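# Descriptive analysis of the structure
Listed below are the residues making up each chain.
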Amino acid sequence: MDPQRARRIWRKANPRNLELAPWVPMMVTLETTGRRSGLPRRVPLAKGPIDGDVAWLICVHGERADYARNIAADPHVRLQIGRTWRTGAATLRPMDPDIRARFSVLARMGKSVSEYDPRLLRIDLDPR
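Below or above, wherever it landed, is the structure these notes cover.

Parameters at a glance
- Residues numbered from 1 in each chain as written.
- Predicted model: local features only at pLDDT ≥ 70, side-chain atom pairs only at ≥ 80, totals over all residues.
- Heavy atoms only, no water.
- Helix = DSSP H or I, 4+ residues; strand = E, 2+ residues; numbered from the N terminus.
- Buried < 20%, exposed > 50% of the residue type's maximum accessible area, 1.4 Å probe, protein only.
- Contact = heavy atoms within 4.5 Å.
- Pairing = 2+ DSSP bridges.
- Axes fitted to C-alpha atoms, helices over the stretch in contact; angles between N-to-C directions.
- Salt bridge = Lys/Arg side-chain N within 4 Å of Asp/Glu carboxyl O.

### Here we look at the environment of tryptophan 85
Mapped onto the fold, tryptophan 85 is located in strand E6 (residues 84-93). The partly exposed category is assigned to tryptophan 85, whose relative accessible area is 27%. Each C-alpha atom, one on tryptophan 85 and one on threonine 29, is 9.0 Å from the other, the two residues being 56 residues apart in sequence. Setting aside its immediate chain neighbours within four residues, tryptophan 85 contacts Thr29, Glu31, Arg42, Arg78, Leu79 and Gln80.

Here it is in structure tokens:
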């Protein structure tokens, strides 16, 4: 798929998905700080496994995703799981087949439609 076409599609879909994310059990909302603007930026993503204070997400577009670039500039993030917000620090990791296998089919499907090299996003959540 043409990257510009994909971007146009997501610009229409993301606002709707942001509204739905707190109510859909398989979605989360990731909030980063804009690397240029300094403003909060939110993106809905497929929920991955959560092991205590570690949450995993798939960054389908790898290091090219805007939120991945924001994380590279400032790793402090907020993650909305259901209607609860948690803070933490995020890092991009290479794709690990063992961790990827723990994701839902919805989350794993992104790799097949992406032209980029996907990465895992590990979020070390602050203790409650």
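### Description of the sheet that holds strand E4 (residues 54-59)
Read across the sheet, 7 strands follow the order E2-E1-E5-E6-E7-E4-E3 without closing on themselves; strand pairing throughout is antiparallel. Across the chains shown, the open sheet's two edge strands, defined by having one partner strand only, are strand E2 (40-46) and strand E3 (50-51). Running at roughly 50° to strand E1 (residues 27-33), helix H2 (residues 66-73) makes contact with E1, E2, E4, strand E5 (76-81), E6 and strand E7 (119-125) of the sheet.

### Things to note about the pattern of salt bridges
Within this structure, the stated rule accounts for 8 salt bridges. Here arginine 86 ties to aspartate 53 by a salt bridge, and the two come within 2.9 Å at their closest N and O atoms. Taken together, the positions of arginine 86 in strand E6 and aspartate 53 in the loop between E3 and E4 put the pair 33 residues apart, joining distant regions of the chain. Here aspartate 117 ties to arginine 119 by a salt bridge, and the two come within 3.1 Å at their closest N and O atoms. When salt bridges that share partners are traced, they join Glu31, Arg42 and Arg78 into one network.

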